Amino acid sequence: MSEKRKRVYEALLDGATEGLSGKALYDFVLQRCPKATSNKIVRASLLALSDPHVKDRNVLHTIYALAIAHRMDEVGSANDPDDEEDPAEKSPVLRKLKKKAASASVPREAIPN
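Residues numbered from 1 in each chain as written. Predicted model: local features only at pLDDT ≥ 70, side-chain atom pairs only at ≥ 80, totals over all residues. Heavy atoms only, no water.

*Asks:* Summarise the environment of Lys23; cite the residues concerned and give the values.
*Replies:* In this structure, Lys23 sits in helix 2 (residues 22–32). Considering only alpha carbons, one finds Lys23 and Ala69, 46 residues apart in sequence, at a separation of 9.9 Å. (Helix = DSSP H or I, 4+ residues; strand = E, 2+ residues; numbered from the N terminus.)

See the structure below:
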């Protein structure tokens, strides 16, 4: 693990262990590691979630929530204008699966030879 990621990881664990969560935890990490980006914090969160030494359920839940919140910020889902559209309309794979499911539900006697 790189030294920078290790510092972000340790700051993340220290803040979560102290009971910080959400924006307070994010600000705590940024205060200890001013050059940390959202992406680095998400990666450090994933390391913490996979660390077998971290066993406190509340700490893991807090880190998980922070990782998800900031991962979604990176994706930009809050500003996605296509969110309101039906995803089946855009995805040819889903349309194909729906067709298959519909044809599988037709009884064999109804199919002409």
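*Asks:* Outline the packing of helix 1 (residues 3–17) against helix 2, listing residues and values.
*Replies:* The relative placement of two packed helices is expressed as an angle between their axes plus a distance between the axes. With their axes 9 Å apart at the nearest point, helix 1 and helix 2 run at an angle of 140° to one another. The pairing of helix 1 with helix 2 is recorded here as oblique in orientation. Two packed elements cross with a definite hand, and for helix 1 against helix 2 that hand is right-handed. Note on element contacts: helix 2 touches helix 1 through Leu25, Phe28, Val29 and Arg32, opposite Val8, Glu10, Ala11, Leu12, Asp14, Gly15 and Ala16. Its residues assigned to classes, the contact of helix 1 with helix 2 comprises 7 nonpolar, 1 polar and 3 charged. (Axes fitted to C-alpha atoms, helices over the stretch in contact; angles between N-to-C directions. Parallel < 35°, antiparallel > 145°, perpendicular 65-115°, else oblique. Left-handed = near helix turned anticlockwise from the far one by under 90°. Contact = heavy atoms within 4.5 Å. Nonpolar A, V, L, I, M, F, W, Y, C, P; charged D, E, K, R; others polar.)

*Asks:* Describe the pattern of salt bridges, naming the residues involved and giving the relevant values.
*Replies:* Throughout the structure, instances matching the rule amount to 2 salt bridges. In this structure, the salt-bridge partner of Asp14 is Arg32, at a minimum N-O distance of 2.9 Å. Here Asp14 is found in helix 1, whereas its partner Arg32 is found in helix 2, with 18 residues between them in sequence. The class of Asp14 is partly exposed, set by a relative accessible area of 33%. Across the pair Lys23 and Asp27 runs a salt bridge, and its minimum N-O distance is 3.2 Å. With a gap of 4 residues between them, Lys23 and Asp27 both fall in helix 2, about one helical turn apart. According to the relative accessible area criterion, Lys23 is exposed, its value standing at 60%. In this structure Asp27 comes out as partly exposed when scored by relative accessible area, which is 34%. (Salt bridge = Lys/Arg side-chain N within 4 Å of Asp/Glu carboxyl O. Buried < 20%, exposed > 50% of the residue type's maximum accessible area, 1.4 Å probe, protein only.)

*Asks:* Outline the packing of helix 1 against helix 3 (residues 38–50), supporting the account with residue identities and numerical values.
*Replies:* Relative to each other, helix 1 and helix 3 sit at 70°, their axes nearing to 9 Å. When the axis of helix 1 is compared with that of helix 3, the two are roughly perpendicular. Remark: the crossing between helix 1 and helix 3 carries right-handed chirality. Judged by residue contacts, Lys4, Arg5, Val8, Tyr9, Leu12 and Leu13 of helix 1 engage Lys40, Ile41, Arg43, Ala44, Ser45, Leu47 and Ala48 from helix 3. Grouping the amino acids of the contact of helix 1 with helix 3 by side-chain chemistry returns 8 nonpolar, 1 polar and 4 charged.

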